[in-house]
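# Examining the three-dimensional arrangement
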Amino acid sequence: MNVASKRYWDKYWISQGHEKPKSVSAWKFGANPDHLAHLVIDGVKSATCSGLIFYEIENEPLPSTEDYSIILNSNDEPVAIIKTVDVRVIPMNEVPEEFAVAEGEGDRTYQYWNENHEKFFIEELSKLGLTFSQDMMLVCERFELVDVINSVLPH
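Since the model is a prediction, treat every value here as computed from it, not as a measurement.

A cluster of nonpolar side chains, namely Ile57, Leu128 and Leu130, defines an oily patch on the protein surface of about 230 Å² accessible area. Its place among the elements puts Leu128 in the loop between helix H5 (110–127) and strand S5 (137–148).

Moving on to helix H2 (residues 33–41). In terms of residue burial, H2 counts as a mostly covered element, since 7 of its 9 residues are buried. Against the buried residues of H2 lie strand S3 (68–72), strand S4 (78–91) and S5.

Moving on: the side chain of Asp34. Mapped onto the elements, Asp34 comes out in helix H2. Salt bridges are absent for the buried Asp34, whose nearest opposite-charge side chain, Lys28, sits at 8.0 Å. Side chain to side chain, Asp34 and Ser74 meet in a polar contact 2.7 Å long.

A few words now on the layout of surface pockets. The rolling of a water-molecule-sized probe over the atoms marks out the regions of remaining empty space. Its boundaries defined by the atoms lining it, the largest pocket holds a volume of some 1,400 Å³. Lining the largest pocket are 41 residues; nearest its centre among them are Trp27, Lys28, Gly30, Cys49 and Ser50. Going through the elements one at a time, strand S1 (24–27), H2, strand S2 (47–51), helix H3 (52–58), S3, H5 and S5 are the ones with two or more residues in the lining of the largest pocket. The element that contributes the greatest number of residues to the lining of the largest pocket is H5, accounting for 8 residues. Looking at the lining of the largest pocket residue by residue, the class counts come to 18 nonpolar, 12 polar and 11 charged.

This next bit is on the packing of aromatic side chains. Tallied over the entire structure, the rule returns 9 aromatic pairs. The interplanar angle of 35 degrees and the centroid separation of 5.6 Å between the aromatic rings of Tyr110 and Trp113 together place this pair among those described as tilted. Of this pair, Tyr110 and Trp113 are both found in helix H5, 3 residues apart, which corresponds to roughly one turn of the helix. Look at Tyr110 and you get partly exposed, because its relative accessible area is 24%. Overall, the relative accessible area of 2% leaves Trp113 in the buried class. Put simply, the rings of Trp9, Tyr12, Trp13 and Tyr68 pair up and form one aromatic cluster.

Analysis parameters
- The residue numbers shown here count from 1 along each chain, following its written sequence.
- Given that the model is predicted, a residue must reach a pLDDT of at least 70 before its local features are reported, and side-chain atom pairs must reach 80 or more before they are shown or counted; all residues, however, enter totals for whole chains, interfaces and linings.
- The side-chain values count all of the structure's non-hydrogen atoms but skip hydrogen atoms and water molecules.
- Patch membership requires more than 30% relative accessible area and the absence of a salt bridge. Residues of like charge join within 9 Å; the nonpolar side chains Val, Leu, Ile, Met, Phe, Trp and Tyr join within 5 Å.
- Values of accessible area rely on a 1.4 Å probe in the Shrake-Rupley scheme; residue burial ignores everything except the protein chains shown.
- Should a side-chain nitrogen of Lys or Arg be within 4 Å of a carboxyl oxygen of Asp or Glu, the pair is scored as a salt bridge.
- Runs of E in the DSSP output that reach at least two residues are strands. Runs of H or I that reach at least four are helices, and both are numbered from the N terminus.
- A simple rule labels every residue: compare its accessible area, found with a 1.4 Å probe on the protein chains alone, to the largest value its type can have, and call it buried under 20%, exposed over 50%, or partly exposed in between.
- By definition in these notes, contact holds between two residues if any of their heavy atoms fall within 4.5 Å.
- Charge counting treats Lys and Arg as positive and Asp and Glu as negative, with His and both chain ends excluded.
- Side-chain atoms alone can form a polar contact between residues adjacent in sequence; in general such a contact is a pair of N or O atoms within 3.5 Å, and within protein one must be able to donate a hydrogen while the other accepts it.
- Whether a set of points on the 1 Å grid over the protein atoms alone is a cavity depends on a 1.4 Å probe fitting there but being unable to get out, while an open set qualifies as a pocket with protein on both sides within 12 Å along at least five of seven lines; lining residues are those with an atom within 4 Å of a point.
- Grid points are joined across faces, edges and corners, and a volume is the space filled by probe spheres set on the points.
- Under this grouping Gly is polar, as are all residues other than the nonpolar Ala, Val, Leu, Ile, Met, Phe, Trp, Tyr, Cys and Pro and the charged Asp, Glu, Lys and Arg.
- Side-chain rings of Phe, Tyr and Trp (the six-membered ring for Trp) are treated as a pair once their centres are within 6.5 Å; stacked means planes under 30 degrees apart, edge-to-face means over 60, and tilted covers the remaining angles.

Don't take any of this as a statement about function, it's just geometry.
Here it is, written out as structure tokens:
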């Protein structure tokens, strides 16, 4: 976690008068971090997913409920804090339409979500010499917006 994120995290919990959780990560959303962070802040995006294979390759633990994350913009500056409220590992072709809509992207339809995620996963998996299939396992995460930093995201 960078210095600005740590400062934001510490300041937020001091202002709440609560002991801060021990675990937090700082990261930015995929291909268009500023746009996706805006969707979170605007209350449009309350879910995200990634391929289980990427967690396995990176030897990263899966997200779990009660996890906190600091969302970064494209310049690695903190813009918001979210809290994970639900995590499920399911095949891509079994992701419910309601989850796809909760990701808040594009025209907010299942078709848009499916087409764009397929394209993204094909590209990312091919970089690793792997192939895509509609039944690849996804880590589907729902979250709540906890706080927004008083800064303006680039548009």
